[in-house]
Amino acid sequence: MRLALYTGIILAGGYTCLTPALAADPTGDWRVADGVANIRVAQCNGSMWGAVSWEKQPGGRDENNPDASKKNRATLGMATLIDMKKKPGVEQWEGQVYNAKDGQLYSATITPAGSDQLEIKGCVMGFLCGGETWTRVGPPIPLSTANAMAKGAPKATGAAPKAQGTTTAQGTTGATAPPPAAAPKAAGAAKPGQKGAADPVGDICLLPEIAGFAH
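Residues numbered from 1 in each chain as written. Predicted model: local features only at pLDDT ≥ 70, side-chain atom pairs only at ≥ 80, totals over all residues. Heavy atoms only, no water.

Draft legend 1. Spatial organisation of the nonpolar core. With 18 residues, the main nonpolar core has L81, M84, I110 and W134 as its most contacted residues. Contributions of two or more residues to this core are made by β2 (37-44), β3 (47-55), β4 (79-86), β5 (93-99), β6 (104-112) and β7 (117-124). Filtering out sequence-adjacent residues up to four positions away, I110 remains in contact with P26, M48, L81, M84, E91, Q92, W93, L118, E119 and I120. In terms of nonpolar packing, the next biggest core, distinct from the first, is built from 15 residues, C44, A51, I204 and L207 among them. (Core = buried A, V, L, I, M, F, W, Y, C linked by side-chain atoms within 4.5 Å. Buried < 20%, exposed > 50% of the residue type's maximum accessible area, 1.4 Å probe, protein only. Helix = DSSP H or I, 4+ residues; strand = E, 2+ residues; numbered from the N terminus. Contact = heavy atoms within 4.5 Å.)

Quick look at the structure:
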């Protein structure tokens, strides 16, 4: 049976929380713990969002969604981290996570652990919490031009160079931190100097599911 748990939320005990070594940017592409997918995280309309940007087994469908109209939607480009807001005073964001394995939404947090790991934790009704660690496979993502004027979001500086190895659907610009030197390249992303590399997802802030949320 196809593994569809892109969020990596394990609703059982035994989760050990790791303390972040340092503050880091949660945006970028992240490989889930079992390696079946990458999740692209970006700031959209002042919140953090995540969507499936690569699948080890292409052609996945959201077959466990309780909404019959969504059972045949592609999992590639599907939102998994939803409208996550930064918590005051800490490098942590909280919102909802979509679990494709059972088609349900859960309360969740994301916490950077250094520059190349992201801790994901989800809970049902405030208990039965579980989670896992994702590994960075793509550099931080500059603020989307589609959301540069979002309330509470920093303005993008269009003169800043684009991050190498990242392509977007609409030529995203803005300031960005350099990727970790040892971080592997995201599957399907363009390599430095390579033109026209396929990126079927691009700027996730422009995906209808995410762009429509703010309107």
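There is more to say, and it comes next.
Draft legend 2. Examining the confidence of the model for the chain more closely. Confidence in the prediction of the chain, expressed as mean pLDDT, is 74, and 63% of residues score 70 or more. When mean pLDDT is taken per element in the chain, strand β1 (residues 28-31) scores highest with 98 and strand β8 (residues 127-136) scores lowest with 89. Below pLDDT 50 for its whole length, residues 1-22 participates in 61 contacts with residues either more than four positions away or in separate chains. (pLDDT = per-residue confidence, 0-100.)

Draft legend 3. Seen up close, unusual backbone geometry. With phi around 55 degrees, N45 is a residue other than glycine that occupies positive phi space. The residue N45 is located in the loop between β2 and β3 in this model. For N45, a relative accessible area of 28% corresponds to the partly exposed category. A positive phi is found at D83, a non-glycine position, where the angle reads about 50 degrees. Mapped onto the elements of the fold, D83 is located in strand β4.

Draft legend 4. Structural view of the sheet that holds β2. Strands sit in the order β1-β2-β3-β4-β5-β6-β7-β8 around a closed barrel of 8 strands; the barrel is antiparallel. Between one strand and the next, the sheet's axes are offset by a mean angle of 30 degrees, whatever the strand orientation. Pairing geometry for β1 and β2, over 4 bridges, is antiparallel. What sits directly across from R31, in β2, is N38. (Pairing = 2+ DSSP bridges. Axes fitted to C-alpha atoms, helices over the stretch in contact; angles between N-to-C directions.)

Draft legend 5. Quick peek at the packing of aromatic side chains. Applying the stated criterion across every chain, the model contains 0 aromatic pairs. In this structure, R73 is placed above the aromatic ring of Y98, and the distance from its NZ or CZ to the ring centre is 5.6 Å. Lying over the aromatic face of W93, K86 brings its terminal NZ or CZ to 5.7 Å of the ring centre. (Phe/Tyr/Trp six-rings, centres within 6.5 Å; stacked < 30°, edge-to-face > 60°. Lys NZ or Arg CZ within 6 Å of the ring centre and 35° of its normal.)

Draft legend 6. Summary view of the state of the cysteines. The tally for this structure, following the rule as stated, stands at 2 disulfides. Covalent S-S linkage joins C44 and C205, the inter-sulfur distance amounting to 2.0 Å. On the S-S bond that ties C44 to C205, the torsion sits near -80 degrees, and the link is left-handed. Of this pair, C44 sits in strand β2 while C205 sits in the loop between β8 and α1 (208-211), placing them 161 residues apart in sequence. A relative accessible area of 3% means that C205 is categorised as buried. Paired by a disulfide, C123 and C129 hold their sulfur atoms 1.9 Å apart. Taking the sign of the S-S torsion, 115 degrees for the link of C123 and C129, the bridge is right-handed. Judged by relative accessible area, C123 falls into the buried class, the value being 17%. If you count the bonded cysteines of the chain from the N-terminus, they pair up as 1-4, 2-3. (Disulfide = S-S within 2.5 Å.)

Draft legend 7. Highlighting the pattern of salt bridges. This model, assessed by the stated rule, comprises 6 salt bridges. Across the pair R40 and D199 runs a salt bridge, and its minimum N-O distance is 3.2 Å. With a gap of 159 residues between them, R40 in strand β2 and D199 in the loop between β8 and α1 connect regions that are remote in the sequence. For the residue pair R40 and D199, the accessibility class agrees, reading buried in each case. With its nearest N and O atoms 3.7 Å apart, the salt bridge here joins K86 to E91. For K86, a relative accessible area of 41% corresponds to the partly exposed category. A cluster of three or more residues bridged by salt bridges with shared partners is formed by D29, R40 and D199. (Salt bridge = Lys/Arg side-chain N within 4 Å of Asp/Glu carboxyl O.)

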